[in-house]
Amino acid sequence: MNFLPLPPPGATPLRVLTIAGSDSGGGAGLQADLRSMALLGVHACVAVTAVTMQNTLGVTGFHEVPDDVVAGQIEAVVTDIGIQAAKTGMLASSSIIATLAATWRRLGLTVPLVVDPVCASMHGDTLLASSALDTLRDQLFPLATLVTPNLDEVRVLLDMDVVDSTSQRAAAKALHALGPQWALVKGGHLRTSDRSRDLLYDGADFYEFDAPRLPVSDDHGGGDTLATAIACALAHGFTVPDAVGFGKRWVTESLRAAYPLGGGHGPVSPLFRLGS
Ligand code: PXL
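Note that the structure is a prediction, hence the values are computed from the model and not measured. (Residues numbered from 1 in each chain as written. Predicted model: local features only at pLDDT ≥ 70, side-chain atom pairs only at ≥ 80, totals over all residues. Heavy atoms only, no water.)

*Asks:* Where do I start with the packing of aromatic side chains in this structure?
*Replies:* For any pair of aromatic rings, the description rests on two quantities: the centre-to-centre distance and the angle between the ring planes. Tallied over the full model, the rule gives seven aromatic pairs. Considering the side-chain rings of Phe238 and Phe246, the 6.3 Å spacing of their centres and the 65° angle between planes classify their relative orientation as edge-to-face. Ring geometry for Phe246 versus Trp250: centroids 6.2 Å apart, planes at 25°, classification stacked. Of the two residues, Phe246 and Trp250 are both situated in helix α8 (residues 240-256); the distance of four residues between them amounts to about one turn of the helix. The burial state of Phe246 is the same as that of Trp250; both residues are buried. What links up through ring pairs into an aromatic cluster is the set Phe3, Phe238, Phe246, Trp250 and Phe272. Seen from the ring of Phe206, Arg169 lies directly overhead, with NZ or CZ sitting 4.2 Å from the centre. (Phe/Tyr/Trp six-rings, centres within 6.5 Å; stacked < 30°, edge-to-face > 60°. Helix = DSSP H or I, 4+ residues; strand = E, 2+ residues; numbered from the N terminus. Buried < 20%, exposed > 50% of the residue type's maximum accessible area, 1.4 Å probe, protein only. Lys NZ or Arg CZ within 6 Å of the ring centre and 35° of its normal.)

Okay, here's the thing in C-alpha cells:
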C-alpha cells in the first residue's frame, strides 16, 4: 500500500494531537494512537483524559484527569509545538467534553478534528458517562471535521439500529445533522455481511469504503487506529474522502497483522509497516 511520506531524519514532522484515555494493556486508547502516529511518520502530542485499568479481558475501572489538566495539556501543546490535526478518543465525562470544546474555541483552533465517539470498550465496559451524551452531541460534534461512530455508538448516540445499507444511510444523515462537517458510519460490526462497509456523508454526497471482513478476534484498538490514520492523513492535507480511504487501508492491514495477547482480545498491529 502507499503510505504517508516519512520526514527525512532531522526534519520536524507534522504534529497530531490525540486527546484520549490510557489503556494499561497497551492495546487501544492513546497507546494505539501513538503506535500508528509513529509508524506514519507523525510526531504525536497527547492530552490524557483518563487512566484506565485494563487488560485484554476488560476494563476494571478508570481515573479521570481533572478538567483543567486536560485543558492545560492542549494549551501547552498548541501554543508551542503547533498541530496540523487532532483526534479524540475516550473522553470519560461531560465536564471533560465541555472543557475540551471551550478550550478548542478559546484557542481559535481551525485544524481538522476527528471525533471518535468512544462510549464503551469492546467488552461493554463504560468509557463515557451516559450523562455526557448530550454534551458530546451538542458541544463537540459541531466542532468536528469528522465523526466516526461504530454501530454500537450509533445506537447510543442516535437511538437508531443499523441493519443494512438503507439504515446506514439514514444514520449518516442523522449524524451529519448534529453538526460535524462529515459523518462516517462504520459498518464493521454489521456481521450479516462478509464485507466491512463504511459510509461517509458530507450533507450532499455519500462515499462508500469497502474491505473484506477479516475473521480476526484480535481487533482491540481498531477504531482508534482508523481515526488516528485519518487524522494523520488530514494533517498531510488529504481531502476527507482520501483520508478515510487511507485510514481504511491502514486499519485493514493492521487487522491482518493483529496478534494474540493475554487471555482475551489482542490488539490490531500497525507494526506491519516495519516489514519483516
Ligand atoms: O477502542 C476504544 C478505546 C479507547 N480508549 C480507551 C479504551 C478503548 C477500548 O477499550 O480502553 C482508553
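Back to the text.
*Asks:* Looking at this structure, I do not really get the pattern of salt bridges. What am I missing?
*Replies:* Pairs can form between side chains of opposite charge once their charged atoms are near each other. A complete count under the given rule lists eleven salt bridges for this structure. Between Lys186 and Asp116 there is a salt bridge, with its nearest N and O atoms 3.9 Å apart. Taken together, the positions of Lys186 in the loop between β7 (182-185) and β8 (195-201) and Asp116 in the loop between β5 (113-115) and α4 (133-140) put the pair 70 residues apart, joining distant regions of the chain. By relative accessible area, which is 10% here, Lys186 ends up buried. Looking at Asp116, the relative accessible area reads 3%, which means it is buried. Through salt bridges with shared partners, one network takes in Arg195, Arg197, Glu208 and Asp210. (Salt bridge = Lys/Arg side-chain N within 4 Å of Asp/Glu carboxyl O.)

So yeah, pure geometry; function would need other evidence.
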